[in-house]
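Each chain, written out:
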Amino acid sequence: MARKRKRVMPGFGLTFGCCVLYLGLIVLIPISTIFASSAGMTWENFWATITSRRVMAAYKLSFMASFLAALVNVVFGFIVTWALVRYRFPGRKLIDAMVDLPFALPTAVAGICLATIYARTGWLGGLLEPLGIKVAYNQAGIVIALIFIGLPFVVRTVQPVLEDLGQDVEDAAACLGASRWQTFRRIILPELTPALLAGFALAFARGLGEYGSVIFIAGNIPMKSEIAPLLIITKLEEYNTPGATAIAVVMLAASFIMLFAINTIQRWSSRHMER
Amino acid sequence: MVQQAYGEIKLEQAGTIRPTHRQAAVRNTESAPVRWALTGIALLFLGLFLFLPLLLVFIEAFRNGIATYIAALRNDETFSAICLTLLVVAVAVPINAVFGIAAAWLIAKHDFRGKSILTTLIDLPFTVSPVIAGLLFILLFGANGWLGPWLAERDLKVVFAVPGIVIATMFVTFPFVARELVPLMQVQGDEEEQAALLLGANGWQTFRRITLPNIKWALVYGLILCTARAVGEFGAVSVVSGHIRGQTNTMTLQVEILFNEYNFVGAFAAASLLSAFALVTLLVKNIIERFSPEFVKK
Amino acid sequence: MKKSEKCIAALFGILVVLAGVGIVASVMSCKSANQGGKGATTQTGKATLLNVSYDPTRELYKEFNASFVKYWKEKTGADVEVSASHGGSGKQARAVIDGLDADVVTLALAYDIDAIAAKGLLPQDWQKNLPNNSCPYTSTIVFLVRKGNPKGIKNWDDLIKPGVGVITPNPKTSGGARWNYLAAWGYAIKKYNDPARAKDFVGKLFANVLALDIGARGSTNTFIQRNMGDVLLAWENEAFLAVNELDKDKNLFDIVVPPLSILAEPPVAVVDKVAKKHGTEQLAKAYLEFLYTPQGQEIAAKHYYRPRDAEVAKKFAGRFPKVELLAIDDPMFGGWAKAQKTHFSEGGIFDQIYMPAENK
């Protein structure tokens, strides 16, 4: 409703032109190449490529690992955000700043570091190995790498919403006799759900495409610990560009769907906030 | 289920007594043990997944003392990699910033058909696998790509040269600024701008004097994230770089090369520089926030 | 308000200046890269040569390039600069196909250069351009094991025993790993003389593989740094380098040379089309021919590549254990094109051994 009353702001033409031009040059034209390249295949070929068992296994692994990692990130990322926003403890600012580290640390370095830590000779791998838990060179390693990669997405999505969340509602709830847990469940969580979902979706989508950090820790055994982006590289090495682009197209489609979900969630979330 | 309901009732009863007198002075919060437990969990989680890798980088880098560390960084190839990374950042970040502001203005202040498609497209590079991102530019600018023959005729090199690395970085860091700005500008609405326009300011003045001060911190934050990502990008750059030593290796690629040459100190020294860079930019942001008089955080 | 405006103006100023400087610099570098690429024709008179090579040759070509620069200066008086690019063999070949301006390629296997030739960048019969099928040095595949060889690994048979952890790179992405695989295949064919049993053999071998890194160097790191597995299948030169570089002080590893292995021939070639464009044909040819000179051969031998030159080979004979070597042109492989198709192409034998259900 508010939209209708809006008067026209200046600069539409300029910014629209700017956006579309830049978007076209940097995003649309490059992305169209991949569709064009896979369009060179027949439909049967395309289908055979993307449904071959090895590719399916890689998709399944990529999806499962990203899903798990995103789930872990939502739970723990939420606790981290909560602690950062609501509590005061020494070093809070520094820790707040460091949450962005996975954005900044090159993924290859992250992969090497994580592999070093979780390998049997590493600090944690050495502790876990006697317990029969093998992390590095296993599916668990992939999840660990993806947790590292996805964490800032959850924290940075939830943080502003939590900061904006007025505590007066909580106070009112407490006044009315709600326990802290009830307040959390009935008042805070519903308010944060869209942000948490958006964070989940972003971390998940990012995890799907992750390559650099995963290959160092995954072991890369076909059917077992081979992720989909690695298969793209494998196909390229076989000089099979259409095959590579076919897998890429499926992953791009997955990205599109994820993004659409994110945007829907966020639209829902902003409507939720206005209410 | 029954037990849970029972527990809720008990908690409810306990809750009725507690908050009455404290809430005016102290904000309604969890009990101390819960607070400590949650903080503990948060720190433990961050410790395992963030600090440990970071710590490892620095420990490995300084393993043989500070002298070897400095020697490792003074390697010619590492130095040229640092220069190239800075160059890439210097081009990609400002361009993305200008675009990000334009996009945010467009999306937050205007209504038009296809807006949601535009928003989705802006976000797209976030979720495109870096490997695919690199592949895109090879398919476009490579010798067998769409523009390849045209470029070859004019003896212009894009992929396997600096421009390709810059463009790939621009692609990957493309959404950061816009993504930071759009939600904020949407929340802020446009009343202030409308008022300024009514008072006779032109569009540019309105933007400079009203909008920009309002979004300043989100912009700085977006720039920082964009810079951090541009510095750290690996997958896409690796595909388009060509790995020519001393010419088309960025810092992240140099780390990989050093690692593959069994030069672990050198590799981790370069990595530590990258992490330090990230930490410094993030701390700078915090310092600006703290000392800036106009900055009021909720 | 005033202050914040100033602040913003400054921020904007910085952004614009940065962008300007950056764009100018990148255009310049683009130009200079192009000029550099033109090689001998640049005004500075300093020709440049780009050697695109595979992973384990870093140390070899570092030393070789320096010697060549010196040699060229003495011979012609001209300065030359040799740049190098290293990576997985297949990845490097693809980069050259996609427009990486390599004057010469020195890759892990002939198949990768064939792929470049298929795109018309060099003649199909490029292997005839230089002696010894254009392979100035050879290597083979050996085992690197933990000190004292606790699992008693002596031959290929020992790799398929249960409980032996094998580390090798992925044959799909690493040239060296293809040699590894083919060496195992060759052994099995020799032993059983039956492709079905050979397939079973390599299947068992790869069932023992703990991690398939994408490159040879990655595998070496996995084996040595991460302490994974009991045996690393490696290039002979990589194994020696690892033992002599990484294991000098600790002495944690032994090299085991199996009685039968494969003759790995990493080929070299001038990329004619690129060299012609750069005007570096003479230089590129001289560069590769220098590999065949006693000096070049000695550098290769020093880095544990088996030299072709009889004299040099004699001099370094103590370095290289005597092994029965199978050649890739042996009928059991049928040359690279056939071997690639049978074993490593999509749905090939290597793919099949990872598809357990299809075998049943």
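Quick caveat, the model's predicted, so the values are computed rather than measured.

**Q** Would you mind showing me how to read the interface of chain C and chain A here?
**A** Reports of interface size often rely on the accessible area that becomes lost once the parts have come together. Chain C puts 29 residues into the contact, and the matching count from chain A is 26 residues. Each partner contributes to the roughly 2500 Å² buried at the junction of chain C and chain A, and carbon and sulfur atoms together form 53% of this total. Among the residues chain C hides against chain A, the three largest losses belong to Arg94, Arg226 and Glu346 of chain C. Together they make up 25% of the total. Linking chain C to chain A there are one salt bridge.

**Q** Even after reading the chapter, I still don't get the side chain of Ser66 of chain A, so can you show me in this structure?
**A** Residues and elements named next belong to chain A. Considering the arrangement of structural elements, one finds Ser66 in helix α4 (residues 53–86). Judged by relative accessible area, Ser66 falls into the buried class, the value being 0%. Excluding residues within four positions of it along the chain, Ser66 makes contact with Leu146, Phe204, Gly207 and Leu208.

**Q** Quick question: what am I supposed to make of the packing of aromatic side chains here?
**A** Between two aromatic rings, the relevant description is the distance of the centres plus the angle of the planes. Enumeration over the complete set of coordinates arrives at 46 aromatic pairs over all chains. The rings of Tyr61, Phe64, Phe68, Tyr71, Trp72, Tyr287 and Phe290 of chain C are connected pair by pair, giving a single aromatic cluster.

**Q** Explain the interface of chain A and chain B here, please?
**A** Counting from both sides, the interface comprises 99 residues of chain A and, opposite them, 99 residues of chain B. Between chain A and chain B, a total of about 9400 Å² is buried, with carbon and sulfur atoms accounting for 75% of that surface. The three residues of chain A that bury the most area against chain B are Met9, Tyr22 and Tyr87 of chain A, which together make up 8% of that side's buried surface. Taken together, chain A and chain B are joined by zero salt bridges. In this assembly, chain A and chain B are joined by two residue pairs in polar contact (both at pLDDT 80 or more). Counting residues per element, the side of chain A that touches chain B draws most heavily on helix α2 (residues 12–39) of chain A, which supplies 18 residues. Looking at side-chain class alone, the side of chain A that touches chain B contains 65 nonpolar, 19 polar and 15 charged residues.

**Q** Looking at this structure, how should I read the environment of Thr121 of chain A?
**A** Examined against the element boundaries, Thr121 of chain A turns out to sit in the loop between α7 (107–118) and α8 (125–128). Apart from the residues within four sequence positions on either side, Thr121 of chain A is in contact with Gln225, Arg226 and Asn227 of chain C.

**Q** What should I look at first to understand the confidence of the model for chain C in this one?
**A** Low pLDDT means the predicted atomic positions in that stretch should not be read closely. Here chain C shows a mean pLDDT of 85. Residues at 70 or above account for 86%. Across residues 30–43 of chain C, where pLDDT falls below 50, the model places 22 contacts with residues more than four positions away in sequence or in other chains.

**Q** Help me out: how do you make sense of a nonpolar patch on the surface in this one?
**A** On the surface, Leu21, Leu25 and Ile29 of chain A together with Trp146 and Leu147 of chain B cluster together into a nonpolar patch covering about 500 Å² of accessible area. With respect to the element layout, Leu147 of chain B can be found in the loop between α7 (130–141) and α8 (148–153).

**Q** I would appreciate a short explanation of the pattern of salt bridges in the present structure.
**A** Pairs can form between side chains of opposite charge once their charged atoms are near each other. Applying the stated criterion across every chain, the model contains 32 salt bridges over all chains. Two residues, Arg54 of chain A and Glu226 of chain A, come together in a salt bridge whose shortest N-O distance is 2.9 Å. Here Arg54 of chain A, found in helix α4, pairs with Glu226 of chain A, found in the loop between α12 (212–218) and α13 (228–237); they are 172 residues apart in sequence, far enough to count as distant. Measuring nitrogen to oxygen at the nearest pair gives 3.0 Å for the salt bridge that ties Lys147 of chain C to Asp254 of chain C.

**Q** Which parts of the structure should I look at to understand the sheet that holds strand β7 (residues 209–213) of chain C?
**A** For sheets, the rule is that strands pair by backbone hydrogen bonds, running either parallel or antiparallel. Residue and element names in this part refer to chain C. If you walk across this open sheet you meet the five strands as β7-β6-β8-β5-β9, and the pairing is mixed. Both outer strands of the open sheet, β7 and β9 (253–256), are each paired with one neighbouring strand and no more. The sheet shows a mean angle of 30 degrees between the axes of neighbouring strands, direction not considered. Taken together, the five bridges between strand β5 (residues 141–146) and strand β8 (residues 231–235) define a ladder with antiparallel strand orientation. For Leu144, the partnering residue across the bridge sits in β8 and is Leu232. Contacts between helix α9 (residues 236–246) and the sheet are confined to β5, β8 and β9, with β8 contributing the most and set at about 115 degrees to the helix.

**Q** Sorry if this is basic, but what is going on with the pairing of strand β6 (residues 166–169) of chain C here?
**A** Successive residues of a regular strand alternate their side chains across the two faces of the sheet. Residue and element names in this part refer to chain C. Residues Val166 and Thr168 line one face of β6 and the alternating positions Ile167 and Pro169 line the opposite face, and both faces are buried. The sheet contact formed by β6 and β7 spans four bridges and is parallel. Within the sheet, the bridge partner assigned to Thr168 lies in β7 and is Leu212. Pairing of β6 with β8, which is carried by two bridges, proceeds in the parallel orientation. Paired with Val166 across the bridge in β8 is Val231.

**Q** Sorry, what's going on with the nonpolar core here?
**A** Nonpolar side chains in soluble globular proteins tend to end up buried together. Of all hydrophobic cores here, the largest spans 310 residues; its most connected members are Ile232 of chain A, Phe171 of chain B together with Val105, Trp156 and Leu205 of chain C. It is helix α5 (residues 76–109) of chain B that contributes the most residues to this core, 16 residues altogether. With six residues, the next largest nonpolar core counts Tyr304, Val312, Phe316 and Phe320 of chain C among its residues.

**Q** Honestly, the sheet that holds strand β3 (residues 104–106) of chain C in this entry has me stumped. Any pointers?
**A** All names here are of chain C. As summarised here, the arrangement of the four strands in space is β2-β1-β3-β11, forming an open sheet in which the pairing is mixed. In this open sheet, the two strands that pair with only one neighbour each are β2 (80–87) and β11 (268–270). Geometrically, the sheet is characterised by an average inter-axis angle of 20 degrees between neighbouring strands, direction not taken into account. The strands that helix α2 (residues 58–76) touches are β1 (47–54), β2, β3 and β11; relative to β2, the one it contacts most, it runs at about 170 degrees.

The rules behind each value
Residues numbered from 1 in each chain as written. Chains lettered and ligands numbered in written order. Predicted model: local features only at pLDDT ≥ 70, side-chain atom pairs only at ≥ 80, totals over all residues. Heavy atoms only, no water. Contact = heavy atoms within 4.5 Å. Buried area = accessible area lost by both parts, 1.4 Å probe. Salt bridge = Lys/Arg side-chain N within 4 Å of Asp/Glu carboxyl O. Helix = DSSP H or I, 4+ residues; strand = E, 2+ residues; numbered from the N terminus. Buried < 20%, exposed > 50% of the residue type's maximum accessible area, 1.4 Å probe, protein only. Phe/Tyr/Trp six-rings, centres within 6.5 Å; stacked < 30°, edge-to-face > 60°. Polar contact = N/O pair within 3.5 Å; in protein donor to acceptor, adjacent residues only side chain to side chain. Nonpolar A, V, L, I, M, F, W, Y, C, P; charged D, E, K, R; others polar. pLDDT = per-residue confidence, 0-100. Patch = residues over 30% accessible without salt bridge, like charges linked within 9 Å, V, L, I, M, F, W, Y side chains within 5 Å. Areas by Shrake-Rupley, 256 points an atom, 1.4 Å probe, with all protein chains shown as cover. Pairing = 2+ DSSP bridges. Axes fitted to C-alpha atoms, helices over the stretch in contact; angles between N-to-C directions. Core = buried A, V, L, I, M, F, W, Y, C linked by side-chain atoms within 4.5 Å.

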